[in-house]
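# Architecture at a glance
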Amino acid sequence: MAVGSIKQRVLVVDDEPSIVDAVATSLRYEGFEVSEAASGRAALASAQEHTPDMIVLDIMLPDLDGLEVTRRLRADGIRVPILFLTARDTVEDKIAGLTVGGDDYVTKPFSLAEIVARIHAILRRTNGDATQDNLLKFADIEMDEDAHEVWRSGRPIQLTATEFSLLRFFLLNPRRVLSKSQILDHVWHYDFGGDANIVETYVSYLRKKLDAVGPPVIQTIRLVGYALREPS
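In this report, the structure presented in the accompanying data block is examined. (Residues numbered from 1 in each chain as written. Predicted model: local features only at pLDDT ≥ 70, side-chain atom pairs only at ≥ 80, totals over all residues. Heavy atoms only, no water.)

### Here we look at the pattern of salt bridges
Side-chain pairs of opposite charge can arise where the charged atoms are in close proximity. The test is simple: Each reported salt bridge corresponds to a side-chain nitrogen of Lys or Arg within 4 Å of a carboxyl oxygen of Asp or Glu. Each helix is a run of H or I in the DSSP string that is no shorter than four residues. Each strand is a run of E no shorter than two, and both are numbered from the N terminus.
Applying the stated criterion across every chain, the model contains twelve salt bridges. A salt bridge links Glu145 to Arg168; the nearest nitrogen and oxygen atoms lie 4.0 Å apart. You can see Glu145 sitting in the loop between strand S9 (141-144) and strand S10 (149-152) and its partner Arg168 sitting in helix H6 (residues 161-172), a full 23 residues away along the chain. Where salt bridges share partners, they join Asp14, Glu16, Asp58 and Lys108 into one cluster.

### Topic: the nonpolar core
What counts, and what does not: We define the nonpolar core as a collection of buried residues of types Ala, Val, Leu, Ile, Met, Phe, Trp, Tyr and Cys that are connected through side-chain atoms lying within 4.5 Å of one another. With a 1.4 Å probe rolled over the protein chains alone, any residue whose accessible area is under 20% of its type maximum counts as buried; one over 50% counts as exposed, and the rest are partly exposed. Pairs of residues are marked as contacts when any of their non-hydrogen atoms sit within 4.5 Å.
Formed by 50 residues in total, the largest nonpolar core has its most connected members in Leu27, Ile119, Leu167, Phe170, Ile183 and Ile218. Beyond its immediate chain neighbours, meaning those up to four positions away, Ile183 contacts Leu166, Phe169, Phe170, Leu178, Trp188, Val199 and Tyr226. Listed in part, the 19 residues of the second largest apolar core include Ala37, Ala47, Ile59 and Leu73.

### Overview of unusual backbone geometry
Leave glycine aside and you will find that most residues have negative phi; peptide bonds, for their part, are mostly trans. Here Lys108 and Pro109 are connected by a cis peptide whose omega angle stands at -5°. At Ala139, a residue that is not glycine, the phi angle is positive and equals roughly 50°. Along the chain, Ala139 turns up in the loop between strand S8 (135-138) and S9. When its relative accessible area of 53% is taken as the criterion, Ala139 is described as exposed. Phi at Leu223 takes a positive value of approximately 70°, unusual for a residue other than glycine. Considering the arrangement of structural elements, one finds Leu223 in the loop between strand S12 (218-221) and strand S13 (225-228). Judged by relative accessible area, Leu223 falls into the exposed class, the value being 80%.

### Examining the sheet that holds strand S11 (residues 155-157)
Whenever strands of a sheet pair, they do so through backbone hydrogen bonds, lying parallel or antiparallel. Under the convention used in this document: Strands pair, by our definition, only if DSSP identifies at least two bridges between them. Axis lines are fitted to C-alpha atoms, over the contacting stretch for helices. Their N-to-C directions set the angle, which ranges from 0 to 180 degrees.
Taken in spatial order, the four strands make up an open sheet running S8-S9-S10-S11, and their pairing is antiparallel. Single-partner strands in this sheet number two, and they are S8 and S11. Within this sheet the neighbouring strands show an average axis-to-axis angle of 25°, counted without direction. Across the face of the sheet, H6 comes into contact with S8, S9 and S10 while running at roughly 115° to S9.

### Section: the layout of surface pockets
Let me state the cut-off plainly: Cavities and pockets were defined on a 1 Å grid built over protein atoms only: a cavity is a set of grid points that admits a 1.4 Å probe from which the probe cannot escape, a pocket is an open set flanked by protein on both sides within 12 Å along at least five of seven lines, and lining residues are those with an atom within 4 Å of any such point. Grid points are joined across faces, edges and corners, and a volume is the space filled by probe spheres set on the points. Each residue is assigned to one class: nonpolar for Ala, Val, Leu, Ile, Met, Phe, Trp, Tyr, Cys and Pro, charged for Asp, Glu, Lys and Arg, and polar for all the others, Gly among them.
Taken as a whole, the second largest pocket encloses approximately 150 Å³ of empty space. When residues of the lining of the second largest pocket are traced back to their parent elements, those giving at least two are helix H1 (17-29) and helix H7 (180-187). Among the elements that take part in the lining of the second largest pocket, H1 stands out by supplying five residues, more than any other. Of the residues contributing to the lining of the second largest pocket, the split by class is four nonpolar, four polar and two charged.

### What to know about the sheet that holds strand S3 (residues 9-13)
A sheet is described by the order of its strands in space; here five strands give the open sequence S4-S3-S5-S6-S7, paired in parallel fashion. Every interior strand has two partners, whereas the edge strands, strand S4 (33-37) and strand S7 (104-107), have only one. With strand direction ignored, the average angle separating the axes of adjacent strands in the sheet is 20°. Pairing of S3 with strand S5 (residues 54-58) involves four bridges; the strand directions are parallel. If you follow Val13 over to S5, its bridge partner there is Leu57. Sitting on the sheet, H1 touches S3, S4 and strand S6 (82-86), and the angle it makes with S4 is about 170°. Across the sheet, helix H2 (residues 40-49) touches S3, S4 and S5, and the angle it forms with S3 is around 165°.

These figures capture arrangement, not role.
In structure tokens:
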């Protein structure tokens, strides 16, 4: 997100072009400036030439793996926060990444909404807002991302994993009109090939649960999409 008039810059590193494109597109939509790299050496060169505010870094790269890239960046005094993308989710792999200086992990396959939420949380934490890094709030709705809990007017709301991701995307984009395609790209897996009407179905599920506790907050913008807005 922009701080004042300055956009924060994220370097996205992966040797799979489809992943780089999907993540970079999502982050640009969120207001970030994005640089891209397809190898460990290219990532090092980019970070050393123009240090980003954040790096999204695949661990399995064809030349230098993500752990080695992180070691070299830290050795050069570059302390930028790093979010690892990894297909390896064993405890040993996670410990190795934390040991070399990583900040968080997302395991493939992932949703774009999860990537965006993790980046926001890491940047808030590293910018000194550690007490609020796991809370999203709008009107009388609160979401604790770490505990995976949601409340409205102080009452807990039980959501499925998909409903939770959908609400999180709305909370990250309050008052903004979101099209079905944008929601599909951010909430479902980046290469999801299903019917876009699944968005309409899950918005309906989410509305039913939220509206059971308070007035409607998710508005349908005819022929455009949906928006999270204060109750009338």
